Every structure is written in structure tokens, then in C-alpha cells.
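Secondary and tertiary structure notes
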Amino acid sequence: MASERRSKTRVVHQAASTPDGQSPWADLEVTVPTDRDHASVVALVECALVELTHEAVGAVFVSRHVWGTKRTQYVAADDVGEQFQKRYFDDRLGWRETTVPRGTVRDELITQLTRSASTSSERAGEAAVGEPDTFVVKPVRELQTP
């Protein structure tokens, strides 16, 4: 049941760098709804945005619905972290892509990660979907592309 699910955050690599040079953020996964407080979510998003700018990683938010999966990917589009490539996939509509400013990415991720359990569980067909929404940071080479 959605209300019985507890948030989990998993970080596989915790060292400052890994032997293969991969960002320690490349294995971050957070389920939504999360039990993190708002300040913690904001800090997580800010850190992720810094990593997106300085490492070859992308952020992905995946939401599941009875009509399919929605996947939103964010990848830095410049070296200073002011512009991000937003790739959006919907099972019904396919891929769409746009460039958005950092503030928009920040606001979208905070909104998604701070959704309450009731907001998530009110989605149509929650029992049929069975999996929580997730936020992950992974190497760009592992992102799905159009």
C-alpha cells in the first residue's frame, strides 16, 4: 500500500571519487514520497545540480501511472550550470526535448521530491501501478535517449 511505503535513499558510492573516476552521485536513488524534510530536499537538489554541472551525470525523475511511465531527464547544457537540457518521455507521446534555466530545474525537482504521500497515492490506479516514483542520478552514458 502506498501509505505503508517508506522513503529510501540509496547511495552506492560514498567516497569523494571512485576508482573508475565515476561521480559518487552516479548511484543516488530516492523514492517518492520521501521522508526527508523540505530543507533536506532542497539541499539534495542543489547538490545534484552542482554534480550535473561538473560531472558526466544526469538527473532522472520517473513517475508511473496506469497509462504508462513518464520520465524526465536533466543534463547540463553548459559549463556554468545555468542551462539544462530537459528530455521528457511519456509512453503515450514519446520524447520531447527543450532547454530550461537552472531555476526551473531546481523548482521542478523540489516540487516532485516534496510531494506528500497523499498526493502520490491519489494518482489514478496507484494499486495497479505498484511502484513508487523515483529520482536517480546516473552517468549520462546510461540515460535513455530518444
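Refer to the structure printed above.
Right, let's walk through the structure included here.

The rules behind the values
Residues numbered from 1 in each chain as written. Predicted model: local features only at pLDDT ≥ 70, side-chain atom pairs only at ≥ 80, totals over all residues. Heavy atoms only, no water. Salt bridge = Lys/Arg side-chain N within 4 Å of Asp/Glu carboxyl O. Helix = DSSP H or I, 4+ residues; strand = E, 2+ residues; numbered from the N terminus. Phe/Tyr/Trp six-rings, centres within 6.5 Å; stacked < 30°, edge-to-face > 60°. Pairing = 2+ DSSP bridges. Expected span 1.5 Å × (residues − 1). Contact = heavy atoms within 4.5 Å. Axes fitted to C-alpha atoms, helices over the stretch in contact; angles between N-to-C directions. Parallel < 35°, antiparallel > 145°, perpendicular 65-115°, else oblique. Left-handed = near helix turned anticlockwise from the far one by under 90°. Nonpolar A, V, L, I, M, F, W, Y, C, P; charged D, E, K, R; others polar.

Structural notes on the pattern of salt bridges
- The full count for this structure, using the stated rule, is five salt bridges.
- The partner of glutamate 46 in a salt bridge is arginine 102, with the nearest N and O atoms 2.7 Å apart. In this pair, glutamate 46 is assigned in helix 1 (residues 38-54) and arginine 102 in helix 2 (residues 102-113), connecting sequence segments 56 residues apart.
- Across the pair arginine 106 and aspartate 107 runs a salt bridge, and its minimum N-O distance is 3.9 Å.
- Salt bridges here are not isolated pairs; linked through shared partners, they connect Glu46, Arg102, Arg106 and Asp107.

Section: the packing of aromatic side chains
- This model, assessed by the stated rule, comprises one aromatic pair.
- Ring centres of phenylalanine 89 and tryptophan 95 lie 5.1 Å apart, and the angle between their planes is 45 degrees; this geometry places the pair in the tilted category.

Some details on the pairing of strand 4 (residues 68-76)
- Bridge count between strand 3 (residues 57-65) and strand 4: seven bridges; the pairing is antiparallel. Across the sheet, residue alanine 59 finds its bridge partner in strand 4, namely tyrosine 74.
- Linkage of strand 3 to strand 4, two consecutive antiparallel strands, is achieved through a turn of two residues.
- The pairing of strand 4 with strand 5 (residues 83-90) spans seven bridges and is classified as antiparallel. Each bridged residue has a counterpart across the sheet, and for tyrosine 74 the counterpart in strand 5 is lysine 86.
- If you look at the hairpin formed by strand 4 and strand 5, you'll find six residues sitting between the two strands, and glycine 81 has a positive phi there, around 75 degrees.

Considering helix 1
- With 17 residues, helix 1 extends 25 Å from end C-alpha to end C-alpha; this agrees with the ideal 24 Å at 1.5 Å per step.
- Along its buried surface, helix 1 packs onto strand 2 (28-32), strand 3, strand 4, strand 5, helix 2 and strand 7 (133-139).

Quick notes on the packing of helix 1 against helix 2
- Contact pair helix 1 / helix 2: the axes reach a minimum separation of 10 Å and the direction vectors enclose 140 degrees. The angle between the axes of helix 1 and helix 2 places the two elements in the oblique class. Helix 1 and helix 2 meet at a crossing whose hand is right-handed. Each of His38, Val41, Val42, Leu44, Val45, Glu46 and Leu49 in helix 1 lies in contact with helix 2, whose residues at this interface are Arg102, Val105, Arg106, Leu109, Ile110 and Leu113.
- Here the residues of the contact of helix 1 with helix 2 are counted per class, giving nine nonpolar, one polar and three charged.

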